[in-house]
Amino acid sequence: MAAGTKSVMLALLDTFPLHLHHNNGSPLCQERRFMMLSCIRGGTNNIVRARQKQIAPTVVAALIESEKRDMNTTTITKLTAEVAVRSGNNNNNNKVFASNMKTLVNIFRPTVQPHANKGLVLQLVSTHQLGPNGTEAKLSEEIVLEWPENDVVLGGEGSINTYKVEFCVDSDFGVPGAVAVLNRYHSELFLDSINIQQLNLHFPCKSWVQPVNKIDPHKRIFFFNKNNQILTWQVYLPFETPIGLKQVRERELRQMRGDGRGHRKSCDRIYEYDVYNDLGDPDKGYEYERPTLGGQNNPYPTRCRTGRPPTRIDSHAESRPSGSESIYVPRDEELADIKKHALDRAKLIAIARNIVPALLDKMGNEGVLNIHNFIRESRHSHSNLGGTIEELFKFDPPKIFSRGKSHFLEDDEFGRQVLAGLNPLSIERLKVFPPVSKLDPCKSALKEEHIIDHIDGMSIQQALEHKKLFILDYHDIFLPFVDRINALDDRKAYATTTIFFLTKMGTLKPIAIQLALPTMDPNTSSKQVLTPPVDTTTKWLWQLGKAHVCSNDAFVHTYLHHWLRIHATMEPFIIAAHRQLSVMHPIYKLLHPHMRYTLKTNATARETLINAGGILETNFGPGKYSMQITSAAYRDWWQFDQEGLPTDLIRRGLAVPDESQPQGVRLVIEDYPYAADGLLIWSSIEKLVKTYVNHYYKDVDAISSDYELQSWYKEFINLGHPDHKNASWWPKLSTPENLISILTTIIWIVTAQHAVLNFSQYHYGGYVPMRPALMRKLIPKEGDLDYIDFVMDPQRYFESSLPSLSQAAKFMAVTSIGSAHSPEEEYIGDRNDLCFWLEEPKIIDAFKQFSMEIKNIETEIEKRNADKKLRNRCGVGVTPYELLMPWSDQGVTGRGVPNSVTA
């Protein structure tokens, strides 16, 4: 039991009918008995009655020390169990209630009697023994816990209450392998754990149990954990499953798969697939129509099915949630109360911080550069009233913001951020010059004269050979959509291409920006090139060019790298894991902490962020076309086999294979903080996964014969990524080495990769004058109507091209919420479930070693951040690179690597 759990004492006070049977069902004797259950809560003893009926043969007396009674040749043993139930609120504001328990006839098809009482029914499942029919597990009779009608709430919200109960079992039951649970109360309850003390058996339930007679027709099954006194455990490969648990294991998985029909309710725990047909709201008007993502026209990963009815206008589109309804996720995927409260508080603060900027915008008195007036002097709160008011109405200063410095993005900071900022995943080494587009080959406007004076006296060929030229290329991503974007109100965009040169100090400097617009010919574009300034006019043109690049970059960061490559593509792996991997499967156990909250986070994104008129769609340049761009990117360049860090670095030309290096690659830019720190974490993840996989899978046959594992991976591909299911690049799953690679990639993506992209948002992307997420004007050319205004007041023109003050404040608020760690965050290297492997010291040691390596990585990152030779992470005005520091305090810290996609 966890610290702070309230103790519960059980006393046997009386008796009532107890029927004992042999396996053939013949009665042996009857005895009356009562069990009285005393729950100590808040200093007050609450006496509750537990009823025990039909107690049948259960567990070996030889295994434990307990009271024994000889009843006409049957030896009965008492097993004391602790049942921990957590109170709290569910989505429908139902309290968690203590339950009355009632006898059921069949474990999987319970019989509801007309006079059935309320309660929690518990029944043991034998590990190795079968019941009378010879096919299903042997079951104990049920014990029924019940509380008086006037004592229904179990303590305060979120508290854990522990109750002691007794099972009576006979000597031929064998070792319990699972417990079946039925909730007969009218409301759900959260079952935290069940422990059988004498056998040192632990059920880590951690799940909401629904009322059987209204919602869930099945008993819930919770499998025992390993123990260190007898040879039974919870981690089983499918072929190792004891005979008594085999059918139970398979039934539990079938219940999670559903039938693909009906409207899913918030209380369900069913995982199914569907296309993204719920982002639009055509019933609200034409402007809210959005195409379905998924299928031949708009390839996309699948999402968790919700089953809401179609819209009135479009029968293929799913209706939006109505009223206070939230988008469905399986019940156990919901956020914990503490995280919900932290989010609610952050949203209220965000609203408060937007009040004044919104009013000033309406009055037309302030421009976006005045956003600094709404940023606090310091990140540290003041304890006085003024400090509290300032905290409520003003933003913490982002790390890239420095009061008194320029509002504009300087060249050195621009170059540094592509290696150690908001988006370090797009930079590539330039291999040919001029760069070649797949859309209009050999049509680049970049010429030798644009860059020759900025490459330290080298020829272009020499610069390419010495790996000195790099590129941020958004040309092909944006060009097919630019005309449509520019037709939107207050939105203007280019398809940008930026060339960088690697200096002798190991930093990047931008030396040319190409800005492309489509022409009448869909295969060509109109391009202009900007180079570093030589006078006042070119200075402001250069600043405008960088702002447009940042707008492209912000979108690619949020929609392609963050949403698509992590949230969207990883959701199917989680759905498939719950549908195909038993909770007893070792791979499920390994992945479990890495799946936490992701489905709920993605559902929230569909509900308020990426939907038609959603927060992200409103704040990023492509607007209503944002998700279509992600579909095109998924179609044209997403490949799972390229998602691992070393492979991705090699693909982008930022690393070369080198077996002499600890991680097997050598960085082309030594001071590339994201890659250098990331490779340390990648290597530690890979080492852990290798030890883990090799422990359970000794050879190729073990992989190929594991039908749950094979079904999980096949479903991840075929149902999770159906539009890519025939692609040749999917890794095979035929050897332990294949599995190690697949699992390492998944864990890397949902931990470190996500942390870099998510927790950088506020500190590196929240200050809009430096990093605008959208632009409202194109760059003027001589002869344009706007050109005179630009020449007369270039700063005012620049400011009017950026988002408004109100838009900037909203964007800061949104990124602040998304970049925050919750109070109950679980970080990489921390696991609270090592009890699953008590009989496997090799696995325990591997997790402990992994935790130590993660701590050492934090120390190494601190050393690197203090190394003055590393100019991209150390120096005057340079922000230390902390995004891959493993641990963090709560709040918006710009550091910390959680175990899963939690935001």
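Residues numbered from 1 in each chain as written. Predicted model: local features only at pLDDT ≥ 70, side-chain atom pairs only at ≥ 80, totals over all residues. Heavy atoms only, no water.

Along its length, the protein carries 22 helices and 23 strands. Taken over 903 residues, the protein has a buried fraction of 60%. As displayed, the protein has an accessible area near 35,700 Å², and 51% of this comes from carbon and sulfur atoms. (Helix = DSSP H or I, 4+ residues; strand = E, 2+ residues; numbered from the N terminus. Buried < 20%, exposed > 50% of the residue type's maximum accessible area, 1.4 Å probe, protein only. Areas by Shrake-Rupley, 256 points an atom, 1.4 Å probe, with all protein chains shown as cover.)

Here the focus is empty space enclosed by the protein. Counted under the stated rule, the structure contains 5 cavities of 30 Å³ or more. Roughly 90 Å³ of volume is contained in the largest cavity. Around the largest cavity sit 13 residues that line it, and Pro435, Val436, Ser437, His475 and Gln514 are the ones nearest its centre. Classifying every residue of the lining of the largest cavity gives 3 nonpolar, 5 polar and 5 charged. (1 Å grid on protein atoms, 1.4 Å probe; cavity = no way out; pocket = protein on both sides within 12 Å on 5 of 7 lines; lining within 4 Å. Points joined across faces, edges and corners; volume = space filled by probe spheres on them. Nonpolar A, V, L, I, M, F, W, Y, C, P; charged D, E, K, R; others polar.)

All chains considered together, the criterion is met by 31 aromatic pairs. When the centroid spacing of 5.6 Å and the interplanar angle of 70 degrees are considered together, the rings of Phe478 and Phe555 count as edge-to-face. Of this pair, Phe478 sits in helix 7 (residues 475-486) while Phe555 sits in helix 8 (residues 536-580), placing them 77 residues apart in sequence. Of the two residues examined, Phe478 and Phe555, each falls in the buried class. A centroid spacing of 5.0 Å and a plane angle of 45 degrees characterise the contact between Trp837 and Phe847, whose relative ring orientation is tilted. Taken together, the residues Trp837 in the loop between helix 21 (805-818) and helix 22 (841-865) and Phe847 in helix 22 connect sequence positions 10 residues apart. (Phe/Tyr/Trp six-rings, centres within 6.5 Å; stacked < 30°, edge-to-face > 60°.)

Over its 24 residues, helix 14 (residues 673-696) extends 35 Å from the first C-alpha to the last, a length consistent with the 34 Å expected when each residue adds 1.5 Å. Helix 14 sits mainly inside the fold: 18 of its 24 residues count as buried. (Expected span 1.5 Å × (residues − 1).)

Going through the model one piece at a time under the given rule, you end up with 45 salt bridges. Lys206 is the partner of Asp192 in a salt bridge, and the nearest nitrogen-oxygen pair spans 3.0 Å. Of this pair, Asp192 sits in strand 11 (residues 189-196) while Lys206 sits in the loop between strand 12 (201-203) and strand 13 (207-209); the two residues are 14 residues apart in sequence, bridging distant segments of the chain. The class for Asp192 is buried, based on a relative accessible area of 8%. Three or more residues are tied together by salt bridges with common partners; here these are Asp259, Arg261, Arg264, Asp268, Glu272 and Arg305. (Salt bridge = Lys/Arg side-chain N within 4 Å of Asp/Glu carboxyl O.)

Before going further, it helps to spend a moment on the nonpolar core. Counting residues in hydrophobic clusters, the biggest one holds 181 residues, and the most contacted among them are Phe573, Tyr672, Tyr697 and Trp712. It is helix 8 that provides the largest number of residues to this core, a total of 22 residues. No fewer than three residues from each of domain 1 (76-89 + 116-257) and domain 2 (401-554) sit in this core. When near neighbours in sequence (up to four residues on either side) are disregarded, Phe573 contacts Leu591, Met595, Trp712, Phe716, Ile746 and Val750. (Core = buried A, V, L, I, M, F, W, Y, C linked by side-chain atoms within 4.5 Å. Domains from an automatic or database assignment. Contact = heavy atoms within 4.5 Å.)

On to the environment of Ile747, then. Inspection of the secondary structure puts Ile747 in helix 17 (residues 736-758). Along the backbone, Ile747 and Val689 are 58 residues apart, and their C-alpha atoms lie at a distance of 9.3 Å. Sequence-distant contacts of Ile747, defined by excluding residues within four places in its chain, comprise Leu590, Leu591, His594, Ile685 and Val689.

Further remarks concern the packing of helix 8 against helix 20 (residues 794-801). Interaxial distance between helix 8 and helix 20 falls to 10 Å at its minimum, and their mutual angle equals 10 degrees. The orientation of helix 8 relative to helix 20 falls into the category roughly parallel. Contact residues: Trp540, Gln543, Leu544 and Ala547 in helix 8; Pro794, Gln795, Tyr797, Phe798 and Ser801 in helix 20. Split by residue class, the contact of helix 8 with helix 20 holds 6 nonpolar, 3 polar and no charged. (Axes fitted to C-alpha atoms, helices over the stretch in contact; angles between N-to-C directions. Parallel < 35°, antiparallel > 145°, perpendicular 65-115°, else oblique.)

A cis amide bond links Phe433 with the next residue in sequence, Pro434, at an omega value of 0 degrees. Relative to the helices and strands, Pro434 is located in the loop between strand 17 (428-429) and helix 5 (448-451). Positioned with a positive phi, Lys467 is a non-glycine residue whose angle comes to about 55 degrees. Mapped onto the fold, Lys467 is located in the loop between helix 6 (460-465) and strand 18 (469-473).

What follows is about the packing of helix 8 against helix 10 (residues 598-609). The description of two packed helices rests on the angle between their axes and on the distance between the axes. Packing of helix 8 against helix 10 brings their axes to within 9 Å, and their N-to-C directions diverge by 130 degrees. Here helix 8 is positioned oblique relative to helix 10, judged by the angle of their axes. Crossing angle aside, the handedness with which helix 8 passes helix 10 is left-handed. Here Tyr559, Trp563, His567, Ala568, Glu571, Ile574 and Ile575 of helix 8 come into contact with helix 10, specifically with Thr598, Leu599, Thr601, Asn602, Ala605, Arg606 and Leu609. Within the contact of helix 8 with helix 10, the residues separate by chemical class into 8 nonpolar, 4 polar and 2 charged. (Left-handed = near helix turned anticlockwise from the far one by under 90°.)

With respect to the helices, strands and loops of the structure, Asn277 is situated in the loop between strand 15 (273-274) and strand 16 (303-304). By relative accessible area, which is 13% here, Asn277 ends up buried. At 2.8 Å, the side chain of Asn277 and the side chain of Arg303 are in polar contact. The residues contacting Asn277, other than those within four sequence positions of it, are Thr292, Arg303, His316, Ala317 and Glu318. (Polar contact = N/O pair within 3.5 Å; in protein donor to acceptor, adjacent residues only side chain to side chain.)

The grouping of Leu348, Ile351, Ile355, Val356, Leu359, Leu392 and Phe393 at the surface amounts to a nonpolar patch, some 630 Å² of accessible area in total. Elements that contribute at least two residues to the nonpolar patch include exactly helix 2 (337-363) and helix 3 (385-393). For the nonpolar patch, the element with the highest residue contribution is helix 2, accounting for 5 residues. Of note, Val356 is situated in helix 2. (Patch = residues over 30% accessible without salt bridge, like charges linked within 9 Å, V, L, I, M, F, W, Y side chains within 5 Å.)

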